[in-house]
Amino acid sequence: MSESRPTSPAQPAAAAEILLELVDDNGVTIGTAEKLSAHQQPGRLHRAFSVFLFDKQGRLLLQRRALGKYHSPGVWSNTCCGHPYPGEPPFVAAARRTAEELGAAPALLCEAGTVRYDLPDEASGLIEREWNHLFVGLVTADLAPAPEEVDDTRFVTAQELKELRADRPFSVWFNTVFEAALPGIREIAGRDW
């Protein structure tokens, strides 16, 4: 996930690398690491977030990741995912990255728990060792996706998601974060999910 670097105390614009917040097995911050190195085998456990946004009809917004991304290019995934800058609250990071990637901020964003996983990506050779903060919410604004981040977007029903998952590749983390977020997803979008 390529991320722009805003000028802030957490991540100065002049920084040559993007730093991630390393955590222990309880989600407690223990340091920082450069983004790509944290994803190279054997990986380092770090803080991340995943967002699932729905429209007023209860359809889930998916994105197909841009082909130029170094990790999981061209595959479908949840609405938005990424990493907070060191010291940045995950909620703030999730809202920020959603607006940066999709050109539309969430109209509603709620915490939906956390999930920890170690998922190797055979296609890239990278690994996702993440303590992932989950968020669900609503999007009501028109989308204007950043082409360097997002190749395509699609709103889907639960049945359409099932069909798409059977037919197309998804990010290595999608199933894990989707299943973990289901209680929050059902609160926002209804029991059909």
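Residues numbered from 1 in each chain as written. Predicted model: local features only at pLDDT ≥ 70, side-chain atom pairs only at ≥ 80, totals over all residues. Heavy atoms only, no water.

Moving on, we get to the overall build of the protein chain. Check the secondary structure of the protein chain and you find 4 helices and 9 strands. Helices and strands in the protein chain line up, N terminus first, as β-β-α-β-β-β-β-α-β-β-β-α-α. Computed over its C-alpha atoms, the radius of gyration of the protein chain comes to 16 Å, within 12% of the 16 Å expected for a compact globule of 193 residues. Relative to its 193 residues, the protein chain shows a buried fraction of 49%. Counting only contacts in the protein chain whose residues sit at least 6 apart along the sequence, the fraction spanning at least 24 positions is 67%. Looking at the protein chain, you have 19 positive and 27 negative side-chain charges, and the mean spots of the two groups are 2 Å apart. (Helix = DSSP H or I, 4+ residues; strand = E, 2+ residues; numbered from the N terminus. Rg over C-alpha atoms; globule rule 2.2 N^0.38 Å. Buried < 20%, exposed > 50% of the residue type's maximum accessible area, 1.4 Å probe, protein only. Contact = heavy atoms within 4.5 Å. Lys, Arg positive; Asp, Glu negative; His and termini not counted. Charge placed at Lys NZ, Arg CZ, Asp CG, Glu CD.)

In terms of nonpolar packing, the biggest core is built from 25 residues, with Phe 52, Leu 60, Leu 62, Leu 161, Phe 178, Ile 185 and Trp 193 touching the most fellow members. Broken down by secondary-structure element, the contributors of at least two residues to this core are β3 (46–54), β4 (60–65), β7 (108–121), β8 (126–138), α3 (158–167) and α4 (174–189). Ranked by residues supplied to this core, first place goes to α4 with 7 residues. Not counting residues up to four positions away in its chain, the partners in contact with Ile 185 are Phe 52, Phe 54, Val 136, Phe 178, Gly 190 and Trp 193. (Core = buried A, V, L, I, M, F, W, Y, C linked by side-chain atoms within 4.5 Å.)

The buried fraction of β8 is high, at 11 of 13 residues. Bridge count between β3 and β8: 9 bridges; the pairing is parallel. When the sheet's bridge partners are listed, Ser 50 is paired in β8 with Leu 134. Here β7 runs beside β8; their pairing, made up of 12 bridges, is antiparallel. The partner of Val 115 across the bridge, within β8, is Asn 132. (Pairing = 2+ DSSP bridges.)

A few words on the pattern of salt bridges. On inspection of all chains with the given rule, the structure shows 14 salt bridges. Between Arg 59 and Asp 55 there is a salt bridge whose closest N-O contact spans 2.6 Å. Arg 129 serves as the salt-bridge partner of Asp 118, at 2.4 Å between the closest nitrogen and oxygen. In this pair, Asp 118 sits in strand β7 while Arg 129 sits in strand β8, placing the two residues 11 residues apart along the sequence. We classify Asp 118 as partly exposed; its relative accessible area is 35%. Taken together, the shared-partner salt bridges in this structure form one network comprising Lys 69, Glu 88, Arg 96, Arg 97, Glu 100, Glu 101 and Glu 149. (Salt bridge = Lys/Arg side-chain N within 4 Å of Asp/Glu carboxyl O.)

Further remarks concern the packing of aromatic side chains. The tally for this structure, following the rule as stated, stands at 7 aromatic pairs. An angle of 75° between the planes, with centres 5.5 Å apart, marks the rings of Phe 54 and Trp 193 as edge-to-face. Of the two residues, Phe 54 sits in strand β3 while Trp 193 sits in the segment after α4, which places them 139 residues apart along the sequence. Each of the two residues, Phe 54 as well as Trp 193, counts as buried. Taken together, a centroid distance of 5.4 Å and an interplanar angle of 15° make the contact between Phe 174 and Phe 178 stacked. Within this pair, Phe 174 and its partner Phe 178 are both found in helix α4, separated by 4 residues, close to a single helical turn. (Phe/Tyr/Trp six-rings, centres within 6.5 Å; stacked < 30°, edge-to-face > 60°.)

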